[in-house]
Amino acid sequence: MAKRCRVCNGAAQIKRPKTGDIMCKECFYYAFEEEIHHTVLAGKLFTAGETVAIGASGGKDSTVLAHVMTVLNERHNYGLNLILLSVDEGITGYRDDSLETVKINQQEYGLPLKIVSYQELYGWTMDSIVQQIGLKNNCTYCGVFRRQALDRGAMLLKVDKIVTGHNADDIAETVIMNVLRGDIARLRRCTAVTTGTDGALPRCKPFKYTYEKDIVMYAFHKNLTYFSTECIYSPNAYRGFARAYIKDLERIQPSAIIDIIHSGESLCVKKDVRMPVQSTCSRCGYISSNELCKACVMLEGLNKGRPRLGIGKTHKERRLFNEELARQAAEAAATNCDETTTTTTTTTTFTNGKVCCGGKGACGSMGGSGQAPEMCGSNLQSKSESDCVGSVSPSGGGGVAECANSLKKVRIGVPTAKPNLLEF
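Because the structure is predicted, anything quoted here is derived from the model rather than measured. (Residues numbered from 1 in each chain as written. Predicted model: local features only at pLDDT ≥ 70, side-chain atom pairs only at ≥ 80, totals over all residues. Heavy atoms only, no water.)

Q: Any chance you could explain the packing of aromatic side chains here in plain terms?
A: Centre-to-centre distance and the angle between the planes together describe a pair of aromatic rings. Taken as a whole, this structure holds twelve aromatic pairs when the rule is applied. Relative to Tyr78, the ring of Phe46 lies with its centre 6.3 Å away and its plane at 40°, an arrangement referred to as tilted. Of the two residues, Phe46 is situated in the loop between helix H1 (25-43) and strand E3 (51-55) and Tyr78 in the loop between helix H2 (60-75) and strand E4 (81-88); the sequence distance between them amounts to 32 residues. An identical accessibility class is assigned to Phe46 and Tyr78; each is buried. (Phe/Tyr/Trp six-rings, centres within 6.5 Å; stacked < 30°, edge-to-face > 60°. Helix = DSSP H or I, 4+ residues; strand = E, 2+ residues; numbered from the N terminus. Buried < 20%, exposed > 50% of the residue type's maximum accessible area, 1.4 Å probe, protein only.)

Q: Whenever I open this one, helix H7 (residues 168-181) confuses me. Can you help?
A: Residues that lie three or four places apart on an α-helix share one face, since the helix turns once every 3.6 residues. Under the 1.5 Å per step criterion, the end-to-end length of H7 is 20 Å for 14 residues, consistent within 8% with the ideal 20 Å. Where burial is concerned, most of H7 is hidden: eleven out of the 14 residues are buried. Within H7 the residues assigned to the buried category are Ala168, Asp169, Asp170, Ile171, Ala172, Glu173, Thr174, Val175, Ile176, Met177 and Asn178. Contact partners of the buried residues in H7: H2, helix H8 (184-189), helix H9 (212-221), helix H10 (238-252) and helix H11 (256-266). Between the side-chain oxygen of the N-cap and the backbone nitrogen of Asp169 there are 3.0 Å, and the N-cap of H7 in question is Asn167. Positive backbone phi, at 70°, marks Gly182, one or two positions downstream of H7. (Expected span 1.5 Å × (residues − 1). Contact = heavy atoms within 4.5 Å. Polar contact = N/O pair within 3.5 Å; in protein donor to acceptor, adjacent residues only side chain to side chain.)

Q: Explain the pairing of E3 to me, please; I cannot follow it from the model alone.
A: On a regular strand, each side chain points to the face opposite its neighbour's, so the side chains alternate between the two faces of the sheet. Among the five residues in E3, five count as buried, and that is most of the element. On E3, burial covers both faces: Thr51, Ala53 and Gly55 on one face and Val52 and Ile54 on the other are all buried. Pairing analysis gives five bridges linking E3 to E4, with the strands arranged parallel. Residue Thr51 lies in a different strand from E4, and its bridge partner there is Asn81. At this point the chain moves from E3, through H2, to the parallel E4, and the crossover so formed is right-handed. (Pairing = 2+ DSSP bridges. Right-handed = clockwise from strand over helix to strand, strands pointing away.)

Q: Would you explain the confidence of the model for the protein in this entry?
A: Low-pLDDT stretches of the model should not have their predicted coordinates read in fine detail. With 77% of its residues at a pLDDT of 70 or more, the protein has an overall mean of 79. The weakest mean pLDDT in the protein belongs to helix H14 (residues 400-412) at 36; the strongest belongs to E3 at 97. Confidence drops under a pLDDT of 50 for residues 342-424, and excluding neighbours within four residues, the segment shows 151 contacts in the predicted structure. (pLDDT = per-residue confidence, 0-100.)

Okay, structure coming up:
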């Protein structure tokens, strides 16, 4: 006897992985879309009139997301202005092909498309990064840069929110990864349906409770155009081990994915546990819990030829780099002490009448007062005005703060061979 659809009693064609329900195609499509609509309503994800960027990679998740958001926007009159936003990581043979799929989706759904690239933002592609870092930890670089690139692209478009295709499987994997790493801060917010509401650009996850298998089944039976090839650099990713664990659990108990998400939602942190305070990066202005954001640290490591500088919490490269900075600071301090004991100071006068003391320290008043100049942080080997950090006019000028800040930039600034992160 043929099985019947549990909704309309028609001929059943699909068994849903998430619920085990036997359904016909049309009932499955409607149930799938309405579950996402329920997530949108329950999470209060959108407000009418907002401009929303859809993170589009060309894969199954983002393709189904673009399709479903277009359908629900019309069916339930969300009143949203939808835009496709893609990131070109610069992976030859993978991302260039997937972006062609995104361009096809653009035509199918009639949505505008914006593409931002690592090359434009950071001066590096993932291909060139992998040449530096190797096949281990390259996904760490890509994840950090991609997250920030999406935000920067969204700000260029002046959108109100970003929606991403993170599904229930992805969120369950993230919960497991954060538990294994002991990352309490991320564990507390990784299950949120909307993140970034505390100042950054909000990100929404309409697929929070949607199984990956349901997404694949929807895309297949709807004949949607999507790119299914796995990234050539991802087989060694740490997330892959969490994914394999989740799949093993799912085979034993299909509800394991949702159970893990609910567990993550129920976890709380004791009041006396110290949590990182989010502020902004002093260099690029991006949200960060440290003085420099992770992207700036990684980019500086790449530009200095030390790509492992930004990886891990106590990595050897980072310790060596910090020791080197401390040694340079100690040497500079010792030089200052030696030079301030001398009674004479060599000065250099430029053609425009500016005077530089030529030492190391802070610039004081110069010229006709007859006072001996203090020391500044300049290197006058080339005897040019551009080399003098603390150059001042004969009538006086410069100062401790100006000279110290300039010296700091000379020491830790990113080389000009590669562009730094774009400022917000």
